[in-house]
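# Topology and contacts: notes
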Amino acid sequence: MDNLTFIREAFSTFYSNNVDRVEIPKSIESREFGFTLFKEGVMVRHKGFMNPEDLKDFIKRNVPSNVYYSAAYYSVPEAKMDEKGWLGSDLFFDIDADHIPTKCDKKHDTWTCKGCGLKGKGKTPEKCPNCGNESFDEKTWPCEACLETARSETIKLIDILMDDLGFSDKEVKCSFSGHRGYHVQVDSEDILNLDSNARKEIVDYVTGTGIDAAFHGLEEVRDGKTSFIIGPSLDDIGWRGRMARGLYEFLLTAVDVDLKRLRLKKRTIERILANRDEILESWKVNGPWNIVEGLGLEGWRKIIHHSIAFQSAKVDTVVTVDVHRLIRLPGTLHGKTGLLKISFPVSRIEDFDPLKEALAFRSEDKVEIYVDEAPAFRLGDEVFGPFEKQKVKLPLSAAIFLLCKNAARVID
Ligand SMILES: [Zn+2]
Ligand SMILES: [Zn+2]
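This write-up is about the structure you can find in this document. (Residues numbered from 1 in each chain as written. Chains lettered and ligands numbered in written order. Predicted model: local features only at pLDDT ≥ 70, side-chain atom pairs only at ≥ 80, totals over all residues. Heavy atoms only, no water.)

Protein-derived ligands of the zinc ion (ligand 1) are Cys113 (SG), Cys116 (SG), Cys128 (SG) and Cys131 (SG), with the metal-ligand distances lying across 2.3 Å. In this structure, the zinc ion (ligand 1) is coordinated by 4 donor atoms arranged in tetrahedral fashion, with angles at the metal of 102 to 114 degrees. Sequence spacing among the residues donating to the zinc ion (ligand 1) works out to C-x2-C-x11-C-x2-C. Here cysteine 113, found in strand β7 (residues 110-113), pairs with cysteine 131, found in the loop between β8 (119-121) and β9 (136-139); they are 18 residues apart in sequence, far enough to count as distant. (Donors = N, O, S within 2.8 Å, 3.2 Å for Na, K, Ca; no water. Tetrahedral: all angles 85-135°; square planar, octahedral: opposite > 155°, others 65-115°. Helix = DSSP H or I, 4+ residues; strand = E, 2+ residues; numbered from the N terminus.)

For the zinc ion (ligand 2), every protein donor is listed as Cys104 (SG), His108 (NE2), Cys143 (SG) and Cys146 (SG), and the spread of their distances is 2.1 to 2.2 Å. Note that the zinc ion (ligand 2) binds 4 donor atoms; their angles at the metal cover 106 to 117 degrees, and the shape is tetrahedral. Read in sequence order, the donor residues for the zinc ion (ligand 2) give the motif C-x3-H-x34-C-x2-C. Taken together, the residues histidine 108 in helix α3 (residues 105-108) and cysteine 143 in the loop between β9 and α4 (144-164) connect sequence positions 35 residues apart. The buried category is assigned to cysteine 143, whose relative accessible area is 17%. (Buried < 20%, exposed > 50% of the residue type's maximum accessible area, 1.4 Å probe, protein only.)

This paragraph deals with the sheet that holds β8. Across a sheet, strands are paired by hydrogen bonds formed along the backbone, either parallel or antiparallel in direction. The strand order β8-β7-β9 describes an open sheet built from 3 strands, whose pairing is antiparallel. The strands lining the two open edges of the sheet, one partner per strand, are β8 and β9. If you compare each strand with its neighbour and ignore which way they point, the axes differ by 20 degrees on average. Examined bridge by bridge, β7 and β8 share 3 bridges and lie antiparallel to one another. Across the sheet, the residue bridging to threonine 110 is lysine 121, located in β8. (Pairing = 2+ DSSP bridges. Axes fitted to C-alpha atoms, helices over the stretch in contact; angles between N-to-C directions.)

For the rest of this paragraph, the subject is the nonpolar core. Counting residues in hydrophobic clusters, the biggest one holds 83 residues, and the most contacted among them are Phe93, Ile369 and Leu402. Here the element with the most residues in this core is helix α13 (residues 396-404); it accounts for 8 residues. The contacts of phenylalanine 93, once residues within four sequence positions are left out, are Leu157, Leu161, Tyr182, His183, Val184, Val186, Ile202, Val206, Val315 and Thr320. Listed in part, the 26 residues of the second largest apolar core include Ile229, Leu259, Leu262 and Ile269. (Core = buried A, V, L, I, M, F, W, Y, C linked by side-chain atoms within 4.5 Å. Contact = heavy atoms within 4.5 Å.)

Function-wise, these values are silent; they only describe arrangement.
In structure tokens, the structure reads:
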């Protein structure tokens, strides 16, 4: 049996028994649906369903490798793009380890040039250094460290959406993407009709793009012949407070090279490091602005600018700005992992365990497969691998995971 047939059969069994796990989006009749099918491997889109039963039947009958729906609402979802009649769109954020540099991607991510077969580790280059080809086979892994990075970005995003922009926990919905990240969706009348430009403004806000401390309370004040600096406080609202907290976080752990990168003078760097405790303590009063000799307004501005990354949320801009975007439907399987995209309340973001709760295939029956190469990975409470060119007997969930990743093949 070939890999695709094996995976499709497993997906088919899953949907036959669990089709009610598919989450039906609000106003299903106004949404566009899209699917990729195992055989054709192409995207079928512009589908519409009048009711939940039709959608579930379609999924059971066709067993798609991926199921998507539009964040947008349309008058005629099945029409051509420019004839659909756009009615509005949920506000959608994608936080994916693919877009966040992690220390471990060099360990577990690989690319192979489709032109010359050159292999490499870490982030895929834009062009093959050997032949200049621009298309690659990529293998990325939902490793624990990458997922934790995505989680911490998601926590920051939720915080900004609720604390700064005022959405409630009923309007903000969270889900694990089924692969390497999280989705956050805002379902609120207030954002429904925002165009791409307005959504870009929101992205700029959550990513802290273009923020300048000079407009957020950092300034030099003259008093007769003396002058001193004032700046934001830790408990200020919005980006004022976020800047101060980002700066605090940065100074808490900054080492020599971190400060050198900001092109501060050697003496200034030494003074910052030597007075770290005093600087952190100073937040209880007026902040650190005037206690480091030789560090003036411009210096602080540079450090604050760098510290914004500690508080901003690294979302994928393109996804949020696209008001016609198709997004994976919660309660369906991810074709690259066999894991579920699964929703959970925002209050669970800290303790949600994606590699446990997104498991779809719980059968204990073992399947023997041949694994080409795979790093160690955890599913549920068990760690598997690393594997290299070997036969191995695995529970169905782990076997499907490696087959979906194209890292293994079925043994007849
Ligand atoms: Zn090449
Ligand atoms: Zn990783």
